[in-house]
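Close look at the chain arrangement
Given next are the chains, with one letter for each unit.
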Amino acid sequence: MTEVCMAFGTGAFFYIDSGLGREISQPEALEILHKAMDDGLVLQPGNGQKVWGFCMCCGCCCGLLKGLKKMKAPASVAHTNFFAQIDPDRCTACGLCADRCPMEAITIDETALVNRGRCIGCGVCGGACDFEAVELCQKDEKDRYIPPVDIVDMKMRIAQERGLI
């Protein structure tokens, strides 16, 4: 798969005008998204309430995912509001979910087991499961991340976190 990023609005015009991207229809975008899911890619939206673009990455090539994978508890760093949960009554312990997980958050015993400290809630495991044994669950409200309203809000948050303002 060679097309793994999408931009919307002004960002899209920049990529099209500079020859780095092309315009696609909604059905074509959905086809690319379905192919990415089949390929086990992680959907990574921009960090804002209004998504202006996203990447679809694999755990072996993406610098961000590779960095997260090296951490003991990637879930504590990744901005995600979800985690994977296995239904033991549906799980056959086939291992497809564990093979696909970019964070190695799933191990196989009698059923698949999810290490919540490693799970970044990407949903790749659910796309691999033919038995509908994987469910993405929303974190408790107190643990949810609210994305910045826009890029200015994001830059202000980063500056505050770094003690610059």
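Only a predicted model underlies this, so the values are computations on that prediction, with no experimental measurement involved. (Residues numbered from 1 in each chain as written. Predicted model: local features only at pLDDT ≥ 70, side-chain atom pairs only at ≥ 80, totals over all residues. Heavy atoms only, no water.)

Notes on the overall build of the protein
If you tally the helices and strands in the protein, you get six helices and seven strands. Dimensions of the protein along its principal axes, counting C-alpha atoms only, are 50 × 40 × 25 Å. Buried residues in the protein amount to 32% of all 165 residues. The long-range share in the protein, meaning contacts at least 24 apart out of those at least 6 apart in sequence, stands at 59%. Entry remark: accessible area of the protein is about 11000 Å², with carbon and sulfur atoms responsible for 55%. (Helix = DSSP H or I, 4+ residues; strand = E, 2+ residues; numbered from the N terminus. Buried < 20%, exposed > 50% of the residue type's maximum accessible area, 1.4 Å probe, protein only. Contact = heavy atoms within 4.5 Å. Areas by Shrake-Rupley, 256 points an atom, 1.4 Å probe, with all protein chains shown as cover.)

Overview of the sheet that holds strand β3 (residues 53-57)
Across the sheet, three strands lie side by side as β1-β3-β2; this open sheet has antiparallel pairing. Only two strands of the sheet have a single partner each, and these edge strands are β1 (5-7) and β2 (42-45). Each strand of the sheet is rotated relative to its neighbour by a mean of 15°, with strand direction disregarded. In this structure, β1 lies alongside β3, joined through three bridges in antiparallel fashion. Paired with cysteine 5 across the two strands is cysteine 55, which belongs to β3. Together, β1, β2 and β3 form the strand contacts of helix α2 (residues 26-38), whose direction differs from that of β3 by roughly 35°. (Pairing = 2+ DSSP bridges. Axes fitted to C-alpha atoms, helices over the stretch in contact; angles between N-to-C directions.)

Quick notes on helix α6 (residues 151-161)
Helical geometry note: an α-helix holds 3.6 residues per turn, so side chains three or four residues apart project in the same direction. Put simply, aspartate 150 is the residue that caps the front of α6, since its side-chain oxygen is 3.2 Å from the backbone nitrogen of valine 152. Taken from the residues just after α6, glycine 163 is the one with a positive phi, measuring 75°. (Polar contact = N/O pair within 3.5 Å; in protein donor to acceptor, adjacent residues only side chain to side chain.)

Section: the pairing of β3
Taking burial as the measure, the five residues of β3 include four buried ones, the bulk of the element. Examined bridge by bridge, β2 and β3 share four bridges and lie antiparallel to one another. Residue pairing across strands places leucine 43 opposite methionine 56, the latter belonging to β3.

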